[in-house]
Amino acid sequence: MIASSVSEAGRLLRSGATSAEALLDAALDTASRTEAQLHAFLTIDADGAREGARQADADLADGIDRGPLHGIPVALKDNMCTRGVETTAASQILAGYIPPYDATVVTRLRAGGAVIVGKTNLDEFAMGSSTENSAYGTTYNPWDLSRVPGGSSGGSAASVATGSSLLALGSDTGGSIRQPASLCGVVGMKPTYGTVSRYGLIAFASSLDQIGPFTKTVEDSALALTAIWGYDPLDSTSYEGEYPNPAARLDRGVDGLRIGVVTELSGEGFEPAVEAATADMVARLEKEGVEVMEVSLPTFDIALSAYYLIAPAEASSNLARFDGIRYGLRVEGATTEELMTRTRAEGFGPEVIRRVLLGTYSLSAGYYDAFYGQAQRVRAAIQEDFARAYDQVDVLVSPTSPTVAFAAGARTSDPLAMYLSDICNIPANLAGHPAISVPVGLDEAGLPIGFQVMAPPLGEETMYQVAAEVERLAGFEISPRALDGAA
Ligand code: GLN
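The structure displayed is predicted, hence computed values, not measured ones.

Rules and cut-offs
Residues numbered from 1 in each chain as written. Predicted model: local features only at pLDDT ≥ 70, side-chain atom pairs only at ≥ 80, totals over all residues. Heavy atoms only, no water. Helix = DSSP H or I, 4+ residues; strand = E, 2+ residues; numbered from the N terminus. Buried < 20%, exposed > 50% of the residue type's maximum accessible area, 1.4 Å probe, protein only. Contact = heavy atoms within 4.5 Å. Patch = residues over 30% accessible without salt bridge, like charges linked within 9 Å, V, L, I, M, F, W, Y side chains within 5 Å. Areas by Shrake-Rupley, 256 points an atom, 1.4 Å probe, with all protein chains shown as cover. Salt bridge = Lys/Arg side-chain N within 4 Å of Asp/Glu carboxyl O. Near = heavy atom within 4 Å. Polar contact = N/O pair within 3.5 Å; in protein donor to acceptor, adjacent residues only side chain to side chain.

## A closer look at the environment of Thr 104
Along the chain, the position of Thr 104 falls in helix α4 (residues 104-111). Overall, the relative accessible area of 8% leaves Thr 104 in the buried class. Spatially, the C-alpha atom of Thr 104 lies 9.7 Å from that of Thr 82, the residues being 22 residues apart in sequence. When neighbours within four sequence positions are excluded, Thr 104 is seen to be in contact with Ser 197, Tyr 199, Asp 232 and Leu 234.

## Section: the environment of Tyr 367
Following the sequence through the fold, Tyr 367 ends up in the loop between α11 (350-363) and α12 (369-392). Expressed as a C-alpha distance, the spacing of Tyr 367 and Gly 241, which sit 126 residues apart in the sequence, is 38 Å.

## Focus: a nonpolar patch on the surface
A grouping of Tyr 361, Tyr 367 and Phe 371 is seen on the molecular surface, where their side chains present a nonpolar patch of about 280 Å² in accessible area. Tracing the sequence through the fold places Tyr 361 in helix α11. A relative accessible area of 42% places Tyr 361 in the partly exposed class.

## Some remarks on the site of the ligand
Surrounding the ligand, one finds 15 residues, the nearest of these being Gly 174, Ser 176, Tyr 307, Arg 355 and Asp 422. Within the backbone of Gly 174, a nitrogen or oxygen atom sits 2.6 Å from an oxygen atom of the ligand. With respect to the ligand, the side chain of Tyr 308 contributes an N or O atom lying 3.4 Å from an oxygen atom.

Right, dumping it as structure tokens:
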């Protein structure tokens, strides 16, 4: 890559030192060297991107500057609809589906002059934590090709880490931006629920889904969020009030802030290197003038159970639309019912079927209150726990993931082990709060470790303020070496 960040690329573009076409060439060149081993993309739209880059260059030459993302090569998780470009959510059931419209985030990116390189791999319908549930083959981790990139937005994380894009969007329902960001050593951010439009995002669990950016730097993350968020009448849960300025306090330092270290997100199941990196960062923040306290949020221990009732329940309802009539795959049958049954049996992978079964069961008449109703009560209790914690502290911190990137195949036959991958991330989804993962170091095997900063709803300014300081203190170099020799 000519530039190592969105902000650097923007400076080079505006000084005339590079062009959008040259940035695109660099991204495509990286992809052509790395994709055979990495498989971050499901579709690369070289022609569409070329057209976008030429337009971006022509606009700049005419004095039209569309803002920080002008001319920047961007990758999109393949669950965001792109007009004229196949969008599959990594499912066979959507094979060949070409949306007739753009998701709102895509419209905003285009209006901001971004150049869309292609669509990245994910766990089918964003269900998973390793990108191994994709119907089109797994993505690998650019730091170690025998390991997973995390998931479900593993393709987006891997792409930014290697430089086949400078910015990628993912979706985070229960950690799917932050966890892969952590495992791939990049910055990944989930905004406050309702602030980034879900219009055109293929729904998984609508009360939890949020789109957010993967970037190499915290500043880029704040720039990208500013470009994609804002009220959208096409999303019925879109936030209509005032939005904070994510970049307002990036250079402010952290002196005087109060930080809570979450007791429940440590101990059993957490790798020693992850705990050490977290403790080390907390100690460094303290030296910078932060007041640190241990905060206990007891409901975090049952967040995962609540999530795995609520998310599948919503998924079972959202996925009912894939019936062989309206989209993508159709397997013929003698009757309409047979057509639908066969299409769904063939079109959905095993994890998706497991979720639909779980969700349908927990919503069924006799079990609704015992399972779904109970999970909703836990969700409310988590929100209360958070509110109590934020009476005492400005932000909460924890590891992003209990472990570094795990070996491909290690958790595929054990759904519960896979589900535990997101234990640090899920509470913020259930509460609708913003959270970010910033890379802070490597373990002894050279695998990245992420540090999570959570903030109250619309607390993005403070969240980014702390994240910027974490980034500065860590001095982490994003240099995945597994693909160095790839030609
Ligand atoms: N790993 C979680 C799941 O499988 C989260 C997925 C996500 O955030 N999209 O549901």
